[in-house]
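Here's the letter readout for the chains.
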Amino acid sequence: MRSPQNTATTPARSRFGRGRLVGTAAIAFTVSVAIENAVLAGTGAPTFGAPIEEVLAYYAANRDPVAIASSQVALNLPLLLVFVTGLHGLVQRQGEAGADWSRLAVAAGATLSAIFVLVNVLQIGLVLSADGLAEPTPAFELVWHVHAAAFALALPTLGTTFIGAALAAHASGLTPPWQRLLGLVGGSLLLAAGLGSLAIADGSELIFVGLLGFAAWLVWLLATGVRLVRSGPR
């Protein structure tokens, strides 16, 4: 028969283990996304405003880097879902405060995952279509434009995920006030960029507003992940 002390400490240890799992997923997601973007940026991936001939040349010459980036996306998807669903579980165990925000983060995170799949599928399609093409075709250009549009629409979805997760975590006492502020500012930047989705898909520099919000998201994730791994929920 277990003593009352053992009975009391078991749930606490369980919560600590869940906190470490969620924190590890956040850190791993941040690292994986950084690798993906470093590979694409390091090989000179074209902007959405680049001439279509430049886009074709890039995808024809960079099959392996795109394959590496795609493999990172395949890793990002489960890590993101583990994080948002795990965070929701932690928030619920801390009480009702923040539960609605965490539900919003889960719904937005699932939608974001679906959009990431579309963006990545289209990028793979660009690589496969570029093989053997001497000049861009209307079909190739269409895939490129749809890829750009999907990426642009991912920004407000990410902003919603960011705001929901940041508010839920802070309301449950899992993160300090500065992370809530970071979530509100970074998420708002992503939502603001989403209002110009058409312009971003057409190559507008408005994308840099979204990229600032995206950088804030990675900083928040890393800080939250480290905090959960080191301390677990209280």
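These numbers come from a predicted model, not from an experiment.

Definitions and limits used
Residues numbered from 1 in each chain as written. Predicted model: local features only at pLDDT ≥ 70, side-chain atom pairs only at ≥ 80, totals over all residues. Heavy atoms only, no water. Salt bridge = Lys/Arg side-chain N within 4 Å of Asp/Glu carboxyl O. Helix = DSSP H or I, 4+ residues; strand = E, 2+ residues; numbered from the N terminus. Buried < 20%, exposed > 50% of the residue type's maximum accessible area, 1.4 Å probe, protein only. Contact = heavy atoms within 4.5 Å. Expected span 1.5 Å × (residues − 1). Core = buried A, V, L, I, M, F, W, Y, C linked by side-chain atoms within 4.5 Å.

1. A closer look at the pattern of salt bridges
Okay, step 1: Following the criterion strictly, the structure yields one salt bridge and no others.
Okay, step 2: Close ionic contact of Arg103 with Asp100 constitutes a salt bridge, the shortest N to O distance being 2.6 Å. Taken as a pair, Arg103 and Asp100 lie in helix H4 (residues 99-130) at a separation of three residues, close to a single helical turn.
Okay, step 3: A relative accessible area of 39% places Arg103 in the partly exposed class.

2. Points about the side chain of Ser113
Okay, step 1: Mapped onto the elements of the fold, Ser113 is located in helix H4.
Okay, step 2: Excluding residues that lie within four positions of it along the chain, Ser113 makes contacts with Leu77, Leu80 and Leu81.

3. Notes on helix H5 (residues 138-171)
Okay, step 1: Taking 1.5 Å as the rise per residue, H5 with 34 residues should run 50 Å; its terminal C-alpha atoms sit 50 Å apart, in good agreement.
Okay, step 2: Phi turns positive one or two residues past the end of H5, at Gly173, with a value near 80°.

4. A closer look at the environment of Leu182
Okay, step 1: Residue placement: Leu182 occurs in helix H6 (residues 177-194).
Okay, step 2: With 122 residues separating them in the primary sequence, Leu182 and Ala60 have C-alpha atoms 39 Å apart.
Okay, step 3: Apart from the residues lying within four places of it in its own chain, the contact partners of Leu182 are Phe162, Gly187, Ala216, Val219 and Trp220.

5. A few points about the nonpolar core
Okay, step 1: In terms of nonpolar packing, the biggest core is built from 55 residues, with Tyr59, Phe83, Leu87, Trp217 and Trp220 touching the most fellow members.
Okay, step 2: When contributions to this core are tallied by element, the ones reaching two or more residues are helix H1 (4-42), helix H2 (52-61), helix H3 (63-94), H4, H5, H6, helix H7 (197-201) and helix H8 (207-231).
Okay, step 3: In terms of residues, this core owes the most to one element, H5, which gives 13 residues.
Okay, step 4: Every residue in contact with Trp220, bar those within four places of it in the chain, is listed here: Phe83, Phe162, Ala165, Ala166, Ala169, Gln179 and Leu182.

Functional significance is not addressed by these values, which are geometric in nature.
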